[in-house]
Amino acid sequence: MTDFRKNQEIVLTIEDFTKEGEGLGKVQGFPFFVKDTVIGDKITAAVTKLKKNYGYARLTSILEASPDRVQPPCPVARQCGGCRIQQLSYEKQKEFKWKQVAGCLKRIGGFEEIEEKMEPILAMEKPWHYRNKAQFPIGHDKEGRPVAGFYAGRTHTIIPNTNCLIQDQCNERILETILAYMEKYGISSYDEKTHRGLIRHVLTRKGFTTGQIMVCLVVNGQAEGLKGLSDLVEGLRKIQGMTSIIVNTNTEKTNRILGPACRTIWGEDYIEDYIGEIRYRIGPLSFYQVNPVQTRVLYTKALDYADLRGDETVWDMYCGIGTISLFLAGKAKQVYGVEIVKEAIDDARINAAINGIDNVEFFVGKAEEIVPAHRERTGINADVVVVDPPRKGCDEKLLDTIGLMNPEKIVYVSCDPATLARDCRVLAGKGYEIRKVAVVDQFAHSVHVESVVKLTRTGL
Ligand code: SAH
């Protein structure tokens with residue numbers, strides 16, 4: 001038992017930082033997690049939760065600020081569930097992410113002296129306004145005015161904010177136009193509790209290379225139910241780059257933002273964008289990388305690590321919309337891609353076609369089932385394997401198959417350094433060694449860490 005109680009004020013110095021971006025400090029040896037803090041901050045905090053061996057507390061004041069602390073430029077950075085580490089200088093964010101990859105590869109992977117193989121972090125030049133896709137929940141405030149913003153951490157309370165600093169600047173005018181329209185025509189917002197009201201979300205997407213913009217209103221009903229819709233369209237059309245205005249119908253009681261049916265009410269059904277030389281068609285339901293500038297950096301690094309000569313057979317496992325597959329296709333003989341989501345593969349095939357790429361074949365299904373079956377059926381192995389799995393990492397059966405395929409090189413693109421390290425250890429047991437590691441910052445002010453590792457067959 002501890003002597004602390006809830007709401008008690010404590011004074012502590014932050015000594016460590018968790019991978020979720022919470023500061024950690026001790027009071028009489030008892031550890032507390034405090035969000036919105038930075039290593040080196042001396043703070044007061046109020047105890048919010050007590051467990052047997054640790055507790056949580058809420059920052060109440062900063063007695064002495066750490067030299068690494070910055071004033072978050074976003075006025076709602078603390079309330080909003082989006083940016084968790086805006087209070088940490090970007091220089092330190094970069095260090096935090098790099099060290100996290102190094103730490104996991106050492107601790108979990110058992111790779112001593114991994115730092116020697118790690119390149120300096122590939123960070124953003126301008127760590128603001130980098131996202132090309134935004135999904136704003138819509139509600140009404142206590143005065144009955146429509147509001148748009150983001151959810152507070154772990155809740156569905158909307159923090160009004162039409163000027164999110166990590167989103168594209170076009171969003172502010174789009175949201176102001178939509179909110180003014182809702183006010184003028186008395187359009188209701190959706191209420192999750194009563195399942196009533198019309199507008200649920202506003203989804204926006206922008207092609208950073210082409211400048212094309214898509215606005216998608218997610219409605220608990222049909223487009224016909226929206227009074228004065230042509231007035232809204234007139235307002236939105238004036239925004240430079242507007243290419244597509246869509247109404248998506250979602251009448252389900254669900255946390256899923258988009259429903260299955262879309263109707264284009266003005267312009268095109270999709271927008272287009274480029275990553276490198278490759279052109280992509282993006283609909284409201286399509287997957288697409290949300291930071292195209294850093295995605296290009298990441299995939300250029302993956303291509304560099306694959307170091308293709310032109311005569312290779314390549315597997316791109318967990319291929320999504322085939323971004324990496326199409327990137328590699330120009331430098332390889334044949335690329336195979338596998339992905340579990342059918343709609344992503346539909347997009348991958350369209351994207352291959354509009355780019356005139358015909359040496360790529362895509363499969364829908366679980367990588368751990370499709371790849372061994374393909375190998376069994378065709379006898380085809382791979383010279384190079386690229387994997388880009390979700391956070392949970394690669395399925396063990398897939399790693400076994402990769403071992404049997406015995407590729408020269410494996411390029412592992414990862415969004416979770418812990419599972420990356422675990423899987424690299426497995427691959428090391430199958431005769432592979434880590435040659436190079438790159439950390440790429442795709443999501444400044446969040447704790448997400450992307451990295452890419454080059455492994456080659458030992459002795460090569
Ligand atoms: N490289 C991709 C993104 C990969 S994200 C791109 O550029 O678009 C990881 C992908 O793995 C997701 O698209 C997810 O749907 C897919 N996935 C998850 N489990 C899978 C499995 N068992 N087999 C194949 N794909 C899977």
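Just above sits the structure.
Keep in mind it's a predicted model, so treat the numbers as computed, not measured. (Residues numbered from 1 in each chain as written. Predicted model: local features only at pLDDT ≥ 70, side-chain atom pairs only at ≥ 80, totals over all residues. Heavy atoms only, no water.)

**Re the overall build of the protein chain**
Here is the rule we go by: Only DSSP runs of H or I with at least four residues qualify as helices, and only runs of E with at least two residues qualify as strands; both kinds are numbered from the N terminus onward. For the radius of gyration, the atom set is restricted to C-alpha positions; the globular benchmark scales as 2.2 Å times the number of residues to the power 0.38. Relative accessible area decides the class of each residue, using a 1.4 Å probe on protein chains only: under 20% of the type maximum gives buried, over 50% gives exposed, and in between gives partly exposed. Here, two residues are considered to be in contact whenever any of their heavy atoms come within 4.5 Å of each other. What sets the accessible areas is the Shrake-Rupley method with a 1.4 Å probe; for residues, cover comes only from the shown protein chains. The sign given to each residue is positive for Lys and Arg and negative for Asp and Glu; His and the chain ends receive no count. Here the site of a charge means NZ on Lys, CZ on Arg, CG on Asp, or CD on Glu.
Tallying secondary structure elements over the protein chain gives nine helices and 21 strands in all. The globule rule puts the C-alpha radius of gyration for 460 residues at 23 Å, and the 24 Å found for the protein chain is close to it. Oriented by its inertia axes, the alpha-carbon framework of the protein chain measures out at about 70 × 65 × 35 Å. Counting over 460 residues, the protein chain shows a buried share of 54%. When contacts within the protein chain are restricted to residue pairs at least 6 apart in sequence, those whose partners lie at least 24 apart make up 63%. Summing over all exposed atoms, the protein chain offers an accessible surface of approximately 21,400 Å²; the carbon and sulfur share of this is 48%. One finds the centroid of the 62 positive side-chain charges in the protein chain at a distance of 4 Å from the centroid of its 60 negative side-chain charges.

**Re the side chain of Thr-37**
Formally: Polar contact is the term for a pair of N or O atoms within 3.5 Å; when the atoms are in protein, one must be able to donate a hydrogen and the other to accept it, and sequence-neighboring residues count only if both atoms are side-chain atoms.
By secondary structure assignment, the location of Thr-37 is in the loop between β3 (30-34) and β4 (42-50). Take Thr-37: its relative accessible area is 0%, and that puts it in the buried class. From its side chain, Thr-37 meets the backbone nitrogen of Gly-23 in a polar contact 3.4 Å long. When near neighbours in sequence (up to four residues on either side) are disregarded, Thr-37 contacts Ile-14, Phe-17, Gly-23, Ile-43, Leu-59, Arg-69 and Gln-87.

**A look at the site of the ligand**
Put simply, the rule is: Throughout, the term near means that a residue has one or more heavy atoms lying within 4 Å of the molecule or strand in question. Basically, the charged four are Asp, Glu, Lys and Arg, the nonpolar ten are Ala, Val, Leu, Ile, Met, Phe, Trp, Tyr, Cys and Pro, and anything else, Gly included, counts as polar.
Near the ligand you find 17 residues, and of these Tyr-299, Thr-323, Glu-339, Ala-367 and Asp-388 are the closest. Taking Glu-339, its side chain carries an N or O atom lying 2.7 Å from an oxygen atom of the ligand. Within the backbone of Ala-367, a nitrogen or oxygen atom sits 2.8 Å from a nitrogen atom of the ligand. When contributions to the shell around the ligand are tallied by element, the ones reaching two or more residues are α5 (323-329) and α7 (367-378). A per-class count over the shell around the ligand returns nine nonpolar, four polar and four charged.

**Examining the pattern of salt bridges**
Filter applied, for reference: Salt bridge criterion: a side-chain nitrogen from Lys or Arg within 4 Å of a carboxyl oxygen from Asp or Glu.
Inspection of every chain in the model, using the stated rule, returns 23 salt bridges. For Glu-95, the salt bridge identified is with Lys-99, shortest N-O distance 3.1 Å. Taken together, the positions of Glu-95 and Lys-99, both in helix α1 (residues 90-107) and four residues apart, correspond to about one turn of that helix. When its relative accessible area of 33% is taken as the criterion, Glu-95 is described as partly exposed. Across the pair Glu-119 and Lys-301 runs a salt bridge, and its minimum N-O distance is 3.0 Å. With Glu-119 in the loop between α1 and β6 (133-140) and Lys-301 in helix α4 (residues 292-306), the pair connects residues that are 182 residues apart, well separated along the chain. Linked through salt bridges whose partners overlap, the residues forming this network are Arg-309, Asp-311, Glu-312 and Glu-408.

**Let's talk about the sheet that holds β4**
The condition is simple: When DSSP finds two or more bridges between two strands, those strands count as paired. Angles shown run from 0 to 180 degrees and are taken between the N-to-C directions of axes, each axis being a line fitted to C-alpha atoms and, for helices, limited to the stretch in contact.
The strand order β1-β2-β3-β5-β4 describes a closed barrel built from five strands, whose pairing is mixed. Each adjacent strand pair in this sheet contributes to an overall mean axis angle of 50 degrees, direction not counted. Here β3 runs beside strand β5 (residues 55-64); their pairing, made up of three bridges, is parallel. The partner of Phe-32 across the bridge, within β5, is Gly-55.

**Remarks on the packing of helix α2 (residues 170-185) against helix α3 (residues 229-237)**
Keep this limit in mind: To sort the angles, those under 35 degrees are grouped as roughly parallel, those over 145 as roughly antiparallel, those from 65 to 115 as roughly perpendicular, and the leftovers as oblique. Throughout, a crossing is termed right-handed when the near helix is turned clockwise from the far one, and left-handed when it is turned anticlockwise from it by less than a right angle.
Between α2 and α3, whose axes approach to 10 Å, the crossing angle comes to 155 degrees. It follows from the interaxial angle that α2 and α3 lie roughly antiparallel. In terms of crossing hand, the pair formed by α2 and α3 is right-handed. Counting all contacts with α2, which are made through Ile-174, Thr-177, Ile-178, Tyr-181, Lys-184 and Tyr-185, the residues of α3 involved are Leu-229, Asp-231, Leu-232, Gly-235 and Leu-236. When grouped by side-chain class, the residues that make up the contact of α2 with α3 number seven nonpolar, two polar and two charged.

**Topic: α7**
Using the following cut-off: One fewer than the residue count of a helix, multiplied by 1.5 Å, yields its expected span. Taking the helix axis as origin, the arc is that swept by the directions to the C-beta atoms.
Taking 1.5 Å of rise per residue, twelve residues should cover 16 Å, and α7 covers 16 Å from first to last C-alpha, within 8% of that figure. When we look at burial in α7, the residues that qualify are Ala-367, Glu-368, Val-371, Pro-372 and His-374. Buried residues of α7, viewed axially, fall in a sector of 155 degrees; they line one side. For α7, exposure combined with an orientation more than 90 degrees from the buried face picks out Glu-376 and Arg-377. Residues of α7 that are buried sit in contact with β15 (313-317), β16 (334-339), β17 (360-364) and α8 (396-405).

**Thoughts on the packing of α1 against helix α9 (residues 417-429)**
Running from N to C, α1 and α9 cross one another at 35 degrees; their axes reach a closest spacing of 8 Å. In this structure, the crossing between α1 and α9 has a hand that is right-handed. Side by side, α1 and α9 meet where Gln-100, Val-101, Cys-104 and Leu-105 of the first sit next to Pro-417, Ala-418, Leu-420 and Ala-421 of the second. Among the residues forming the contact of α1 with α9, the class breakdown is seven nonpolar, one polar and no charged.

**A word on the pairing of strand β11 (residues 242-249)**
Across the eight residues of β11, eight count as buried, placing the element largely inside the fold. In this sheet, β11 lies alongside strand β10 (residues 213-219) in parallel orientation, the contact comprising seven bridges. Paired with Cys-216 across the two strands is Ile-246, which belongs to β11. Of the pairings in the sheet, the one linking β11 to strand β12 (residues 261-267) comprises six bridges and is antiparallel in character. Looking across to β12, one finds that Asn-248 is bridged to Cys-262.

**With respect to a positive patch on the surface**
Put simply, the rule is: Any residue with relative accessible area above 30% and no salt bridge may belong to a patch, with like charges joined within 9 Å and the nonpolar Val, Leu, Ile, Met, Phe, Trp and Tyr side chains within 5 Å.
Taken together, the side chains of Lys-6, Lys-49, Lys-51, Arg-84, Arg-154 and Arg-391 make up a positively charged region of the molecular surface. Here Lys-6 is to be found in the segment before β1 (9-17).

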